[in-house]
Every structure is written in C-alpha cells, then in structure tokens.
Amino acid sequence: MQANGYLDFHTHVLPGVDDGSKDMEMTKAMLQKAYEEGVRTILATSHHYPGRTKQDPQERLALVKQVDKIAKEISPDMKVLPGNEIYYRENIVEELKNGTVLPLADTKYVLVEFNPNEHYKRIYQGISELIQYGYYPVIAHVERVGTLISNKSHMKELIEMSCYMQANSESFMGGFFDKQSKTLLALMKENMIHFIGSDCHNLSSRPPRMEACVKKLYKKLPKETVDRVLIRNQELFLQNKFL
C-alpha cells in the first residue's frame, strides 16, 4: 500500500440513494472493507439520473458528512468526499453551474457516465462543452464505452483535449486470455488511464476491491507508470490541478 493509501475514484457507498449501499450498516461494512483494501480516500459518486434517483444535492452533501464521520471512526486518516456519477445529457453544464449535480470533491473534476453504445460524435460534443466551461471531465468506467475502448484514436483525441479516463479495478483482474484486462493494461502503459475506482455497490457481487488490482498493476507494468496513476494523479486531483 502507498504511504497515504489509495484513492477510490468511483464508489456507491452512500446509503439508500441509488443501487449501491442499502443502509448505513452496509455502508459501514463497505468502508471497513475498503480500509482493509488500502483505501484511505473515497469519492462517494452516487448516480445522478434525472427522474430516477433522489436529486437534492444538499441532502447528498449532508449524507456524505455522516458517512465521512463513520469513516473517521474506522480510522482518523480515512475520508469520504462528495461527488456524482452523472449520466450524460445536453444540459449537464447548466446543472453543474446551478449546483443540481456535484463535481468531485468540490473541484472542477466531473465524473461523466456515457451509454455504452453512445455515438462518438455526441461524446466529443459533450466533453468539448464541459472543457469549454472550465470543467475537467473524467469518463466513468471507460472500458464499457464501446466507441472508445475499441478505437484508441478516439480516446487519444479526447485526452489531448484534457479529458481523463477512469477504469474499474475489477476490469483489470481478468485471466490470461481476458481481452479487456490486456487492453486496459496496454492503455495504462500509454498513459491513457488516469484514475482507478472500484465502482463498488455492495460487499458481494461488487465489493470495494482494490489491493489485488494494485498488486497486478505493479507486477505487469513499470513502477513509474503505476505510481503516476496511484500517487501523482491522485495528488493533482485533490489539489484541483491539471494532470
């Protein structure tokens, strides 16, 4: 584990607000598991689907404070920070400006989820608009977005615009013949994966798993490559700076 622990960039630990943690008891158990996995900073990125989930941002911020207090009871060096996993739509900038949806950890970073079958033209237009208005977009679990993971030139074009890519830790854990894992390792080696999150929803089917992924990364990739994602990028993000 790194000296300051890992940053879990994508989680659903807030209780009762989406398809993640069901109650505060589950949340506490997920936080404990995350701590055991070496995680010390957690972004509580609850889903934001208009009309499908509770949307009051002030309630979410208050809930994050409650969950952060529980994290501090597990360990004083553990913290939970606010955010949303925002399902992309055309008015996303306006929603960010008026506070309807939350950026990550009160920074300019924004975690954006796209439909797996979304056309690249719409992704490009959406990312361009976010950047134009001063936000730092991060595409959630990029391995699920077909037009990006199957077309490296598309990913490169977005990255050159100052868009970042987040991958799920579990997606790196495939076996020897797993194409997705090999693809992500190759992309990370080329500095095309910038953040890793567990995307945890519970303790069974989608737990906060991190340590096994980190060990595999250090085994398969140069140390400086992994350090860039797990240390440098984490520090720059928390300082609200460009990578």
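Up top is the structure these notes are about.
Here is what the cut-offs are and how they apply
- Numbers given to residues run from 1 along each chain, matching the order in which its sequence is written.
- Per-residue local features of the predicted model are confined to residues with pLDDT of at least 70, and side-chain atom pairs are confined, for both listing and counting, to 80 or more; whole-chain, interface and lining totals are unaffected and use all residues.
- To get the side-chain values, all heavy atoms of the structure are used, and hydrogens and water are removed first.
- Partly exposed residues are those whose accessible area sits between 20% and 50% of the maximum for their type, while under 20% is buried and over 50% is exposed, using a 1.4 Å probe and protein chains only.
- Helix numbers and strand numbers start at the N terminus; a helix is a DSSP run of H or I with at least 4 residues, a strand a run of E with at least 2.
- Here, a strand pair is defined by DSSP locating no fewer than two bridges between the strands.
- The path from the first strand over the helix to the second decides the hand: if it runs clockwise while the strands point away from the viewer, the crossover is right-handed.
- Here the axes come from fitting lines to C-alpha atoms, over the contacting stretch only for helices, and the angles between their N-to-C directions go from 0 to 180 degrees.
- Residues adjacent in sequence count toward polar contacts only when both atoms are side-chain atoms; beyond that, a polar contact is any pair of N or O atoms within 3.5 Å, and within protein one must be able to donate a hydrogen and the other to accept it.
- The definition of a nonpolar core used throughout is a set of buried Ala, Val, Leu, Ile, Met, Phe, Trp, Tyr and Cys residues joined through side-chain atoms within 4.5 Å.
- Just so you know how the angles are binned, under 35 degrees is roughly parallel, over 145 roughly antiparallel, 65 to 115 roughly perpendicular, and the rest oblique.
- Handedness of a crossing follows from how the near helix is turned relative to the far one, being left-handed for an anticlockwise turn of less than a right angle and right-handed for a clockwise one.
- Residue contacts are defined here by distance: any two heavy atoms, one from each residue, within 4.5 Å place the two residues in contact.
- Classes in brief: Ala, Val, Leu, Ile, Met, Phe, Trp, Tyr, Cys and Pro nonpolar; Asp, Glu, Lys and Arg charged; the others, Gly included, polar.
- Note on aromatic pairs: the rings of Phe, Tyr and Trp (six-membered ring only in Trp) are paired at centre separations within 6.5 Å, and the planes decide the class, stacked below 30 degrees, edge-to-face beyond 60, tilted for the rest.
- Criterion for a charge above a ring: Lys NZ or Arg CZ within 6 Å of the ring centre, and within 35 degrees of the ring normal.

1. Some details on the pairing of strand β5 (residues 136-139)
Both faces of β5 are covered, namely the face carrying Y136 and V138 and the face carrying P137 and I139. Two elements, strand β4 (residues 109-113) and β5, share four bridges in a ladder whose sense is parallel. Bridging across to β5, V110 finds its partner in P137. In this fold, β4 hands off to helix α4 (residues 120-132), which returns the chain to β5; that crossover is right-handed. In this structure, β5 lies alongside strand β6 (residues 164-168), joined through two bridges in parallel fashion. Across the sheet, V138 pairs through a bridge with Y164, a residue of β6.

2. Quick word on the sheet that holds strand β2 (residues 39-48)
Taken in spatial order, the seven strands make up an open sheet running β1-β2-β3-β4-β5-β6-β7, and their pairing is parallel. On the outer flanks of this sheet lie β1 (6-11) and β7 (195-197), each paired with one strand and no other. Each adjacent strand pair in this sheet contributes to an overall mean axis angle of 30°, direction not counted. Note that strand β3 (residues 79-87) and β4 share three bridges and pair parallel. Bridge pairing in β4 places I86 opposite V112.

3. Description of the environment of S153
Here S153 lies in helix α6 (residues 152-160). Under the relative-accessibility criterion, S153 is labelled partly exposed at 46%. Taking the C-alpha atoms as reference points, S153 and A44, separated by 109 residues in sequence, lie 31 Å from one another. There is a polar contact of 2.4 Å between the side chain of S153 and the side chain of N151.

4. Details of the nonpolar core
One finds I139, L158 and F172 to be the most contacted residues of the largest nonpolar core, which totals 59 residues. Residue contributions to this core peak at five residues, all from helix α2 (residues 57-74).

5. A closer look at the packing of helix α1 (residues 24-36) against α2
Across the interface, α1 lies against α2 with an axial gap of 10 Å and an inter-helix angle of 50°. The orientation of α1 with respect to α2, classified from their angle, is oblique. Remark: the crossing between α1 and α2 carries right-handed chirality. The residues of α2 that touch α1, namely those facing M24, T27, K28, L31, Q32 and Y35, are L63, Q66, V67, I70, A71 and I74. Looking at the contact of α1 with α2, its residues break down into eight nonpolar, three polar and one charged.

6. Looking at the packing of aromatic side chains
In total, this model carries 12 aromatic pairs according to the counting rule given. An angle of 15° between the planes, with centres 4.1 Å apart, marks the rings of F9 and F195 as stacked. Of this pair, F9 sits in strand β1 while F195 sits in strand β7, and the two are 186 residues apart along the sequence. Judged by relative accessible area, F9 falls into the buried class, the value being 0%. Sitting over the face of the ring of Y35, R40 holds its NZ or CZ atom 3.6 Å from the ring centroid. Above the ring of Y135, the side-chain terminus of K108 is found at 4.9 Å from the ring centroid.

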